Amino acid sequence: MIKYENQLGCVEMSEGYFASLIGYAASECFGVAGMANTSATEGLLSAIRRKDRPDKGVRVRTIGGALVIDLHIEVTYGVNITAIVRSIINKVRYTVSDATGFEVAKVNVFVDGMKA
């Protein structure tokens, strides 16, 4: 659970909600061919279900009260990877801030593969 406290009270949101929100935002960016599996367990679940989950390749954690997001993506062959990564970082920061009001401390984007 991700917890946020202010003068009006305490707000708690599940990490699954954040992962889905971030997964949708990242997959909408130009040049992203898909999200990559981050672990063997995730790969097995994807093979069994035979469809992509919105939280595939996304890990959200809090360190010292700040949100840290790890994304594992696959890019389209022939596009500028630096531009894609910058676009994803900006879109994810904006989407999380707009939807939840939380500020993102760090977004780590890992390019795990390319698709033609």
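For the structure, check the block above.
Keep in mind the model is a prediction, meaning the values are calculated, not measured.

Peer 1: Teacher, can you tell me more about the overall build of the chain here?
Peer 2: A tally of helices and strands in the chain yields 3 helices and 6 strands. Reading the secondary structure of the chain in the N-to-C direction produces β-β-α-β-α-β-β-α-β. Across the 116 residues of the chain, 37% fall into the buried class. A fraction of 63% describes how many contacts in the chain between residues 6 or more apart in sequence connect residues 24 or more apart. Summed over its atoms, the accessible surface of the chain is roughly 7000 Å², and 51% of this surface lies on carbon and sulfur atoms.

Peer 1: Teacher, can you tell me more about the pattern of salt bridges here?
Peer 2: A side chain of one charge can pair with a side chain of the opposite charge when the charged atoms of the two come close. Taken as a whole and assessed by the stated rule, the structure comprises 4 salt bridges. Two residues, R59 and D70, come together in a salt bridge whose shortest N-O distance is 4.0 Å. Taken together, the residues R59 in strand 4 (residues 58–63) and D70 in strand 5 (residues 66–76) connect sequence positions 11 residues apart. Here R61 and D70 are joined by a salt bridge, their closest N and O atoms 2.9 Å apart. A cluster of three or more residues bridged by salt bridges with shared partners is formed by R59, R61 and D70.

Peer 1: Looking at this structure, I do not really get helix 1 (residues 15–27). What am I missing?
Peer 2: Given 3.6 residues to a turn, an α-helix orients residues that are three or four positions apart in the same direction. Between its terminal C-alpha atoms helix 1 stretches 18 Å, which fits the 18 Å expected from 13 residues at 1.5 Å a residue. Taken residue by residue, helix 1 has F18, A19, L21, I22, G23, A25 and A26 as its buried positions. Buried positions along helix 1 lie against strand 1 (2–6), strand 2 (9–13), strand 3 (32–35), strand 4, strand 5 and helix 3 (81–100).

Peer 1: For this particular structure, what's the right way to read the environment of I73?
Peer 2: For I73, the position within the fold is in strand 5. The spatial distance from the C-alpha of I73 to the C-alpha of M114 is 8.8 Å, given a sequence separation of 41 residues.

Peer 1: When you look at the pairing of strand 4 in this model, what are you seeing that I'm missing?
Peer 2: Inspection of the sheet shows strand 4 paired to strand 5 by 6 bridges, in the antiparallel sense. Bridge pairing links R59 to D70 in strand 5. Adjacent in sequence and paired antiparallel, strand 4 and strand 5 are bridged by 2 residues, among which G64 carries a positive phi angle near 65 degrees.

Peer 1: Whenever I open this one, the side chain of T100 confuses me. Can you help?
Peer 2: Along the chain, T100 turns up in helix 3. For T100, the side chain forms a polar contact with the main-chain nitrogen of F102, separated by 3.2 Å. Ignoring sequence-local partners within four residues, the contact set of T100 consists of M13, Y17, F18 and L21.

The rules behind the values
- One numbering rule holds for all chains: residues counted from 1, following each sequence as written.
- Only residues with pLDDT of 70 or above have their local features reported here, since the model is predicted, and side-chain atom pairs are shown and tallied only from 80 upward, although totals for entire chains, interfaces and linings are computed over all residues.
- Hydrogens and water are ignored here; the side-chain numbers use all heavy atoms of the structure.
- Numbering goes from the N terminus for both helices and strands, where a helix is a DSSP run of H or I of at least four residues and a strand is a run of E of at least two.
- Buried, partly exposed and exposed residues are distinguished by accessible area as a fraction of the type maximum, computed with a 1.4 Å probe on protein chains only: under 20%, between the cut-offs, and over 50%, respectively.
- Contacts between residues were defined by any pair of non-hydrogen atoms, one from each residue, lying within 4.5 Å.
- To measure how exposed things are, a 1.4 Å probe is used in the Shrake-Rupley method; for residues, cover is taken only from the protein chains shown.
- Here a salt bridge means any side-chain nitrogen of Lys or Arg lying within 4 Å of a carboxyl oxygen belonging to Asp or Glu.
- Multiplying 1.5 Å by the residue count of a helix minus one yields the expected span of that helix.
- A pair of strands is treated as paired once DSSP finds two or more bridges between them.
- We call two N or O atoms a polar contact when they sit within 3.5 Å, provided that within protein one can donate a hydrogen and the other can accept it, with sequence-adjacent residues counted only if both atoms are side-chain atoms.

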